[in-house]
Amino acid sequence: MLEPAYQADVVIVGAGVAGLSAAHRLTSQGVTVAVLEAAPCVGGRMSTEKIDGFRLDRIGQLLSTAYPELRLTPGLDGLVLRPFAPGILLHGDGRHHRVDAPAGARSARGALRAVRALASAPRGMPGPGLVAASRRAAFRVLPGAGQATVARAARGAAPLGGAVDQARLGAALTRLAHLPVERLLTRPELPAGQALAARGLPARTIDGFLRPLLAALLCDPALTTSSRCADLALRAFAGGRLCVPEGGAEALPELLAQTLPAGSVHTGVRVTSVATTSVATAEHGEIRCRAVLLATDARAAAQLLPGLRVPDFHPVTVVHHTTDDPPRTGSALLLDADRGGPVAHTAVISEVDPSRAPSGRALISSTVLGTPPPDLETAVRTHLARLYGTPTRRWETLAVHHTREAVPAMPAPHDLRRPVRLLAGLYVCGDHRDTSTVQGALHSAHRATAAILKDLGAAGSMHRANPVPAAQAA
């Protein structure tokens with residue numbers, strides 16, 4: 001329990017991944033911190049429910065091994081990431097299409113050579129050599145898909161389109177994977193759906209692959225998200241592997257909390273007001289400090305600092321099923337290219353991370369984006385039966401988690417570097433100040449701690465500095 005006179009250099013309000021990672025960066029520089037969390041446990045929206053040996057994520061956002069902050073954040077050295085099978089599994093036109101991430105992400109020159117070769121080929125179905133070239137340069141049908149699927153893709157009937165379309169898509173993703181982030185952020189900005197159409201990609205490629213992929217990555221089925229944010233998501237997809245933390249989403253914040261100095265994190269402490277040199281709590285009175293960092297969600301931050309903008313949010317519903325006879329899709333992430341039901345993406349998540357289910361049982365986790373249908377259970381079961389090609393009537397429902405404010409919306413225009421320094425001594429971070437991803441939350445904490453350390457190291461009183469303009473602070 002905190003004593004009323006407890007003091008620290010920096011008080012951090014909120015023990016989600018942003019607040020906890022900020023605490024690591026500050027303590028590594030010799031700055032003392034007190035992390036205050038109103039909930040009984042750390043993690044915020046990255047929480048995992050435990051039922052009969054199952055570990056069930058409440059939101060289950062997808063991570064990427066290409067997220068730089070997963071490597072740069074102190075305290076995450078012990079994090080174990082469980083990758084999905086390379087690429088994704090698309091369900092379209094009544095069958096599965098296994099497609100891999102672009103091999104050209106490692107060789108842009110090779111991808112462009114394949115595009116030129118395919119563009120100059122005679123009309124009609126490409127020969128075997130050209131099909132092979134397009135599969136190497138762009139997306140390829142993975143082993144086990146069968147010759148019929150390969151032939152169907154070559155005829156242009158697959159969700160990605162024909163061989164030329166696949167090579168063009170692969171080249172585009174390859175260029176994106178190698179594009180420096182700062183250059184990416186200067187590209188013209190539109191809603192993601194409009195930007196895809198404006199870039200000249202075939203409608204079949206957009207609707208059959210990019211739209212369902214981006215919906216899964218951004219939790220935005222309408223693709224109103226800023227095209228710059230969408231490009232960042234596609235860049236991470238092209239340059240890494242989609243993955244989840246071993247043991248559930250909560251493993252990431254719990255690891256951060258466990259590796260902080262003892263006594264740094266205090267749960268069950270509700271902050272009622274903040275200033276530049278103190279915070280007031282409902283349970284422990286005033287806690288004095290040299291600076292305050294708000295690391296809560298956007299709505300809680302605005303309650304403590306009226307005037308901060310509260311974004312719209314994307315609702316997310318996750319439905320968890322179990323069975324002893326799982327679908328034979330392995331560890332693939334399954335997307336619906338046809339958008340024929342409420343499920344945006346699904347996976348036999350226990351094949352990706354066996355620690356999430358007891359021995360002999362499979363865990364299937366499925367995500368519904370937007371407002372769920374009235375008869376959610378029936379609609380999801382019907383859709384999953386079609387997606388997996390197997391009966392689902394005997395699957396047991398373990399939990400249905402609906403989070404109305406799951407992911408902050410990022411409509412165009414979107415400022416990916418919203419100010420984290422409100423005034424000297426008062427700072428804010430979280431996914432609502434950057435991109436609405438784990439990478440964005442960690443990166444905003446990185447920016448906020450850099451500002452805090454700069455101010456703490458300034459000569460004289462840090463509280464003499466002028467505040468930033470109100471328009472910037474909001």
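Residues numbered from 1 in each chain as written. Predicted model: local features only at pLDDT ≥ 70, side-chain atom pairs only at ≥ 80, totals over all residues. Heavy atoms only, no water.

Engineer: Residue-level account of the overall build of the protein chain, with values.
Structural biologist: The number of helices and strands found in the protein chain is 16 helices and 20 strands. Evaluated residue by residue, the protein chain yields a buried proportion of 56% over its 474 residues. Across the protein chain, the fraction of contacts at a sequence separation of at least 24, relative to all contacts at a separation of at least 6, is 73%. Working note: accessible area of the protein chain is about 19,600 Å², and carbon and sulfur atoms make up 52% of it. (Helix = DSSP H or I, 4+ residues; strand = E, 2+ residues; numbered from the N terminus. Buried < 20%, exposed > 50% of the residue type's maximum accessible area, 1.4 Å probe, protein only. Contact = heavy atoms within 4.5 Å. Areas by Shrake-Rupley, 256 points an atom, 1.4 Å probe, with all protein chains shown as cover.)

Engineer: An account of the pairing of strand S11 (residues 271–274) is needed here, citing residue identities and associated values.
Structural biologist: One ladder, built from three bridges, connects S11 with strand S12 (residues 278–281); its direction is antiparallel. Pairing of serine 273 across the sheet is with alanine 280, part of S12. (Pairing = 2+ DSSP bridges.)

Engineer: Describe the sheet that holds strand S6 (residues 81–83), and please don't skip the residues or the numbers.
Structural biologist: Pairing is antiparallel across the open sheet formed by three strands, whose spatial order is S5-S9-S6. In this open sheet, the two edge strands, each paired with only one partner strand, are strand S5 (63–64) and S6. Pairing between S6 and strand S9 (residues 242–245): three bridges, direction antiparallel. Residue pairing in the sheet places leucine 81 in a bridge with proline 245 of S9.

Engineer: I'd like a rundown of the packing of helix H6 (residues 163–178) against helix H10 (residues 227–239), residues and numbers included.
Structural biologist: Contact geometry for H6 and H10: axes closest at 8 Å, N-to-C directions at 100 degrees. By the criterion of interaxial angle, the relationship of H6 to H10 is roughly perpendicular. Contacts from Leu173, Leu176 and Ala177 of H6 reach H10 at Asp231, Leu234, Arg235, Ala238 and Gly239. Residue composition of the contact of H6 with H10, grouped by class: five nonpolar, one polar and two charged. (Axes fitted to C-alpha atoms, helices over the stretch in contact; angles between N-to-C directions. Parallel < 35°, antiparallel > 145°, perpendicular 65-115°, else oblique. Nonpolar A, V, L, I, M, F, W, Y, C, P; charged D, E, K, R; others polar.)

Engineer: Go over the sheet that holds strand S15 (residues 334–336), please, and point to the residues and values.
Structural biologist: Read across the sheet, seven strands follow the order S8-S7-S15-S16-S17-S14-S18 without closing on themselves; strand pairing throughout is mixed. In this open sheet, the two edge strands, each paired with only one partner strand, are strand S8 (95–99) and strand S18 (396–408). With strand direction ignored, the average angle separating the axes of adjacent strands in the sheet is 20 degrees. Strand direction decides the pairing type here: strand S14 (residues 313–323) and S18, joined by nine bridges, are antiparallel. By the bridge assignment for S18, histidine 321 is matched with threonine 397.

Engineer: Describe the pairing of strand S4 (residues 54–57), with residues and values.
Structural biologist: Two faces belong to every sheet, and in a regular strand the side chains alternate between them. Relative to S4, strand S3 (residues 48–51) runs antiparallel, the two sharing four bridges. Bridging from a neighbouring strand, glutamate 49 pairs with leucine 56 of S4. Two successive antiparallel strands, S3 and S4, enclose a turn made up of two residues, where aspartate 52 displays a positive phi of approximately 50 degrees.

Engineer: Run through the nonpolar core, naming residues and quoting values.
Structural biologist: Counting 47 residues, the largest nonpolar core has Phe84, Ile88, Phe209, Leu210, Leu214, Leu242 and Leu333 as the members making the most contacts within it. Looking at which element gives the most residues to this core, the answer is helix H9 (residues 203–218), with eight residues. Non-local contacts of isoleucine 88, meaning those with residues more than four positions away in its chain, are made with His97, Arg98, Val99, Phe209, Phe237, Leu242, Leu333 and Leu335. Formed by 41 residues, the second largest nonpolar core is a distinct cluster that contains Leu26, Tyr67, Leu79 and Leu260. (Core = buried A, V, L, I, M, F, W, Y, C linked by side-chain atoms within 4.5 Å.)

Engineer: Break down the pattern of salt bridges for me, citing the residues and quoting the values.
Structural biologist: Under the criterion given, the structure shown has 20 salt bridges. Between aspartate 231 and arginine 187 there is a salt bridge whose closest N-O contact spans 3.1 Å. Of the two residues, aspartate 231 sits in helix H10 while arginine 187 sits in the loop between helix H7 (181–184) and helix H8 (192–198), which places them 44 residues apart along the sequence. By relative accessible area, aspartate 231 is classed as buried at 2%. It is possible to trace a salt-bridge network through shared partners that takes in Lys50, Arg55 and Glu250. (Salt bridge = Lys/Arg side-chain N within 4 Å of Asp/Glu carboxyl O.)

Engineer: Report on the side chain of arginine 356, specifying residues and quantitative values.
Structural biologist: Position of arginine 356 among the secondary structure elements: in the loop between helix H13 (349–352) and strand S17 (362–369). Within the local environment of arginine 356, its side chain forms a polar contact with the backbone oxygen of proline 245, the two atoms lying 2.7 Å apart. For arginine 356, the side chain forms a polar contact with the side chain of aspartate 353, separated by 2.9 Å. Once residues lying within four places of it in the same chain are set aside, the contact partners of arginine 356 are Gly53, Phe54, Arg55, Asp57, Val244, Pro245, Gly248, Ala249, Ile349 and Leu363. (Polar contact = N/O pair within 3.5 Å; in protein donor to acceptor, adjacent residues only side chain to side chain.)

Engineer: Residues and numbers for H9, please.
Structural biologist: Helix geometry: H9 is bent most strongly at leucine 210, by close to 35 degrees, with proline proline 212 lying one to four residues after it. Burial within H9 is extensive, with 13 of its 16 residues counted as buried. Among the residues trailing H9, cysteine 219 stands out with phi positive, at a value near 60 degrees. (Bend = angle between axes of the 7 residues up to and from the residue.)

Engineer: Hey, could you go over the environment of valine 318 for me, with residue numbers and the actual values?
Structural biologist: Along the chain, the position of valine 318 falls in strand S14. According to the relative accessible area criterion, valine 318 is buried, its value standing at 4%. Between the C-alpha atom of valine 318 and that of aspartate 57, which follows or precedes it by 261 residues, the distance is 7.8 Å. Dropping the residues within four chain positions of it, valine 318 is found in contact with Asp57, Arg58, Ile59, Ser366, Thr367, Ala399, Val400 and His401.

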